[in-house]
Each structure stands twice: as structure tokens, then as C-alpha cells.
Amino acid sequence: MASARGWIGTPYRHQAATRGAGADCLGLVRGVWRELCGAEPVTVPAYTMDWSEPQGEERLWAAARCHLIEVCGPPVAGDVLLFRMRAGAVAKHLGILAEAGSAASFVHAYAGRGVVESPLSAPWARRVVARFAFPKGDRVREGR
């Protein structure tokens with residue numbers, strides 16, 4: 001979590017992934033990936049803020065499944081959270097769980113706020129559709 005929290009205060013910039021200069025929600029996850037795992041596995045193509053919502057394609061979810069490890073069981077700090085922002089829409093927001101349990105919080109980037117740590121309140125929690133681990137994370141090494 002130290003890596004993700006190090007991004008707090010980074011301004012929101014669509015398609016950016018540079019700590020302190022700018023990041024969107026994917027850029028935050030990409031930047032933490034570089035800090036934890038090394039070089040990114042693929043070059044991310046340009047994308048729109050709607051994340052293929054008009055086409056109804058789960059592109060962000062598919063990409064997460066390709067490069068991260070989908071996890072189940074109790075949430076732990078460091079999980080990458082994938083959110084569906086409204087019922088029937090594609091999943092198009094990412095965050096990283098900072099604290100689990102009754103005081104759960106997550107680090108994420110969104111327009112107008114930049115990278116922040118927010119409570120994982122009931123409205124946010126009910127939007128989580130999948131959780132992932134970074135491939136070199138403790139969770140993967142422990143086989144969870």
C-alpha cells in the first residue's frame with residue numbers, strides 16, 4: 001500500500017500514468033504495477049473515458065483478467081478493485097484497497113479530485129464487481 005498511497009495528490013489526467021504529474025484510475029494501477037512488478041506487459045492503446053460503454057464491451061475487465069490475478073476470499077490491502085459505476089453499465093473504474101474490514105478504504109483517481117484515498121462506503125462497495133492481485137504480490141505467493 002505504500003506504493004499506492006505514494007500517488008495520493010497526483011492530479012487527474014486522462015490516460016496519464018506518472019506519479020505527481022497526472023494519472024487516471026488505470027494510470028494509477030499501471031504506475032503501481034511498474035513500482036511492484038517492473039515494466040508494463042503491454043503498451044496501453046488510447047481509450048475513451050466511457051471505456052467502451054456504448055459498445056457494451058467489458059474491455060477493462062478483460063484486460064485485468066489478462067494481466068492481474070483474479071482473487072476471491074476475504075479482501076486484503078493491495079487488492080485491485082474493479083467497479084461498475086451503475087447497473088447495466090460496463091465496469092470502468094479501478095482502485096486499490098488500502099484498508100480492509102470495518103474501516104475499509106481505497107486509493108483511486110477520478111476527474112476533479114485526482115488520486116485520493118476514500119472510504120469504501122456502502123455505495124462504493126456495492127459497485128465492486130471483481131478483485132485482483134498484482135502477479136508478484138504476497139497474495140499470489142501465498143496461493144490465495
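Structure first, text after, so check above.
This one's a predicted model, so the numbers in the text were calculated from it and none came from an experiment.

Visitor: Quick rundown of the overall build of the chain? Include the residues and the values.
Guide: The number of helices and strands found in the chain is five helices and eight strands. For the chain, the N- to C-terminal ordering of α and β elements is α-β-β-α-α-β-β-β-β-β-α-β-α. Taken over the C-alpha trace, the chain has a radius of gyration of 14 Å; the compact-globule value for 144 residues is 15 Å, and the two agree within 12%. Principal axes of the C-alpha set define a box for the chain whose edges measure 35 × 30 × 30 Å. Considering the chain as a whole, with its 144 residues, one finds that 42% of them fall into the buried category.

Visitor: So what's going on with the side chain of H93? Which residues, and what values?
Guide: In this structure, H93 sits in strand β5 (residues 91-99). One polar contact links H93 to H108, side chain to side chain, over a distance of 2.9 Å. Every residue in contact with H93, bar those within four places of it in the chain, is listed here: C25, L60, L81, L82, F83, M85, H108, A109, Y110 and W124.

Visitor: I'd like a rundown of the pattern of salt bridges, residues and numbers included.
Guide: Taken as a whole, this structure holds nine salt bridges when the rule is applied. Note that E40 is salt-bridged to R34, the shortest N-O span being 2.6 Å. R65 serves as the salt-bridge partner of E70, at 3.0 Å between the closest nitrogen and oxygen. Classification of R65 by relative accessible area gives partly exposed; the value is 49%.

Visitor: So, the packing of aromatic side chains: which residues are in play, and what are the values?
Guide: Two numbers describe a pair of aromatic rings. These are the distance of the centres and the angle of the planes. For the structure on display, the rule yields four aromatic pairs. With centroids separated by 5.2 Å and ring planes inclined at 40 degrees, the aromatic side chains of F83 and F106 adopt a geometry described as tilted. Separated by 23 residues along the polypeptide, F83 in strand β4 (residues 80-84) and F106 in strand β6 (residues 105-110) bring together distant segments of the chain. Residue F83 is classed as buried on the basis of its relative accessible area, which comes to 0%. Plain terms: the ring middles of F83 and W124 are 5.2 Å apart, the flat faces sit at 75 degrees to each other, and that makes the pair edge-to-face. With F83 in strand β4 and W124 in helix α4 (residues 122-125), this residue pair connects regions lying 41 residues apart in the sequence. These aromatic residues form a ring-pair network of at least three members: F83, F106 and W124.

Visitor: So what's going on with helix α2 (residues 25-37)? Which residues, and what values?
Guide: The α-helix winds at 3.6 residues per turn, so residues separated by three or four positions along the chain end up facing the same way. The terminal C-alpha atoms of α2, which comprises 13 residues, lie 18 Å apart, in line with the 18 Å expected from a rise of 1.5 Å per residue. Most of α2 is tucked away: 10 of the 13 residues are buried. Along α2, the residues that are buried comprise C25, L26, G27, L28, V29, R30, G31, V32, W33 and C37. One side-chain oxygen of the residue at the start of α2 lies 3.3 Å from the amide nitrogen of L26, identifying that residue as D24.

So, how was this worked out
- The numbering scheme is per chain: residues are counted from 1 as the chain's sequence reads.
- Only residues with pLDDT of 70 or above have their local features reported here, since the model is predicted, and side-chain atom pairs are shown and tallied only from 80 upward, although totals for entire chains, interfaces and linings are computed over all residues.
- Think of the side-chain values as coming from all heavy atoms in the structure, minus any hydrogens and water.
- Secondary structure elements are defined from DSSP: runs of H or I of at least 4 residues count as helices, runs of E of at least 2 residues count as strands, and each element is numbered from the N terminus.
- For a compact globule the rule gives 2.2 Å times the number of residues to the power 0.38, and the radius of gyration it is set against comes from C-alpha atoms.
- Think of it in three bands: with a 1.4 Å probe and only protein chains considered, a residue is buried below 20% of the maximum accessible area for its type, exposed above 50%, and partly exposed in between.
- Under this definition, polar contacts are N or O atom pairs within 3.5 Å; protein pairs additionally need one hydrogen-donor-capable and one acceptor-capable atom, and for neighbouring residues in sequence, both atoms have to be side-chain atoms.
- Working rule for contacts: check all heavy atoms of both residues, and any pair within 4.5 Å makes them a contact.
- The salt bridge definition used is simple: a Lys or Arg side-chain nitrogen within 4 Å of an Asp or Glu carboxyl oxygen.
- Here a pair means two rings of Phe, Tyr or Trp (six-membered ring of Trp) with centres within 6.5 Å. Their orientation is stacked below 30 degrees between planes, edge-to-face above 60, and tilted elsewhere.
- What a helix is expected to span follows from its residue count: subtract one and scale by 1.5 Å.

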